[in-house]
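# Observations on chain architecture
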Amino acid sequence: MDLLSAAITLALVIDPIGNIPAFLAALENTPAERRSRVILREMCIALLILALFLFFGKRMLAALNISGPALSVAGGVVLFLVSINMIFPARGMGFGREERGEPFITPLAVPLAAGPSAMTAVMLLGSREPDRIWLWFLALLIAWSVSAVTLLAGDQLRRLLGDRMISALEKLMGMILTTIAVQMLLEGVREFWRT
């Protein structure tokens, strides 16, 4: 995997287009002038969490005695489930309205921006090729920047594209992510049989 493919994979996993409706719903009671600051703060928290998983994921795997092939297969399965949910979204799975104040950490930073699939993806990158960790961090920064800009423009994109187009784009990204997930799973199985 190179920088571009890693950045695209991470951007697909973070799924900023698919997160627009959830972000807008969670920020419904937040004053319009504060929304950009809240989104940026939550995205910075998500970046910090993902960077921790990227840099220290290998140590966590070693402490838990989890092999690289097992992580690759598990990551592929998680990404596959996420991509299936993007293509066939479950109804009634949205987040409730925030009764008091604005959202903090949950649900925006975690699990929307830095969800289990994003954590698994960065941990997988960092553990499989640790000598390229700074390249993976750059890929994470690129994916994070694209996601942050997309989410900051969420109101405008929703008005411009409409809910149906946003839903169609999310399904398209889900299809691409499905193939990436299957590839990860196959690589994990191949690695396991080699050992």
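Residues numbered from 1 in each chain as written. Predicted model: local features only at pLDDT ≥ 70, side-chain atom pairs only at ≥ 80, totals over all residues. Heavy atoms only, no water.

### Observations regarding the packing of helix α2 (residues 16-26) against helix α7 (residues 133-152)
In a packed pair of helices, the relevant descriptors are the angle between the two axes and the axis-to-axis distance. Close contact between α2 and α7 brings their axes to 9 Å; oriented N to C, the two are set at 40°. With respect to each other, α2 and α7 are oriented oblique. The way α2 lies across α7 gives a crossing that is right-handed. Side by side, α2 and α7 meet where P16, I17, N19, I20 and F23 of the first sit next to S147, T150 and L151 of the second. (Axes fitted to C-alpha atoms, helices over the stretch in contact; angles between N-to-C directions. Helix = DSSP H or I, 4+ residues; strand = E, 2+ residues; numbered from the N terminus. Parallel < 35°, antiparallel > 145°, perpendicular 65-115°, else oblique. Left-handed = near helix turned anticlockwise from the far one by under 90°. Contact = heavy atoms within 4.5 Å.)

### Describing the side chain of T9
Its place among the elements puts T9 in helix α1 (residues 3-14). A relative accessible area of 9% means that T9 is categorised as buried. Polar contacts involving the side chain of T9 include one to the main-chain carbonyl oxygen of S5, which spans 2.8 Å. Setting aside residues no more than four positions away along its own chain, T9 makes contact with M1 and I180. (Buried < 20%, exposed > 50% of the residue type's maximum accessible area, 1.4 Å probe, protein only. Polar contact = N/O pair within 3.5 Å; in protein donor to acceptor, adjacent residues only side chain to side chain.)

### Side note on the packing of α1 against helix α6 (residues 116-128)
The contact between α1 and α6 brings their axes to 9 Å, and the two run at 160°. The angle between the axes of α1 and α6 places the two elements in the roughly antiparallel class. You can see that α1 and α6 cross each other, and the crossing is right-handed. Between α1, through A6, L10, V13 and I14, and α6, the contact on the second element is made entirely by S117, A118, A121, V122 and L125. Looking at side-chain class alone, the contact of α1 with α6 contains eight nonpolar, one polar and no charged residues. (Nonpolar A, V, L, I, M, F, W, Y, C, P; charged D, E, K, R; others polar.)

### Topic: the confidence of the model for the chain
Summarising the model, the chain shows a mean pLDDT of 85, and 95% of its residues fall at 70 or more. Ranking the helices and strands of the chain by mean pLDDT puts α7 first, with 97, and helix α4 (residues 68-87) last, with 79. With pLDDT under 50 throughout, residues 92-99 is counted as low confidence; its partners more than four residues away or in other chains account for nine contacts. (pLDDT = per-residue confidence, 0-100.)

### Focus: the pattern of salt bridges
Under the counting rule described, the total for this entry stands at eight salt bridges. For R128, the salt bridge is made with E191, and the minimal N-O distance between the two is 3.8 Å. Separated by 63 residues along the polypeptide, R128 in helix α6 and E191 in helix α8 (residues 154-194) bring together distant segments of the chain. The partly exposed category is assigned to R128, whose relative accessible area is 35%. Put simply, R158 and D163 hold a salt bridge, and the shortest N to O gap is 2.8 Å. The class for R158 is partly exposed, based on a relative accessible area of 32%. Via salt bridges that share partners, R34, R41, E42 and E102 belong to a single interconnected network. (Salt bridge = Lys/Arg side-chain N within 4 Å of Asp/Glu carboxyl O.)

### Overview of the side chain of S127
Relative to the assigned elements, S127 resides in helix α6. Only 3.3 Å separates the side chain of S127 from the backbone oxygen of L124, close enough to count as a polar contact. Filtering out sequence-adjacent residues up to four positions away, S127 remains in contact with K58, L61 and L71.

### Focus on the environment of R59
Structurally, the position occupied by R59 is in helix α3 (residues 32-64). Accessibility expressed as a relative area gives 58% for R59, which makes it exposed. For the pair formed by R59 and P111, sequence separation is 52 residues and the distance between their alpha carbons is 22 Å.

### Brief notes about the nonpolar core
Counting 54 residues, the largest nonpolar core has L10, F23, M43, L50, L108 and L140 as the members making the most contacts within it. Those elements giving two or more residues to this core turn out to be α1, α2, α3, α4, α5 (108-113), α6, α7 and α8. Ranked by residue count, the leading element in this core is α3, at eleven residues. Ignoring anything within four residues of it in the chain, the contact list for M43 reads F23, A113, W144, S147, A148 and L151. (Core = buried A, V, L, I, M, F, W, Y, C linked by side-chain atoms within 4.5 Å.)

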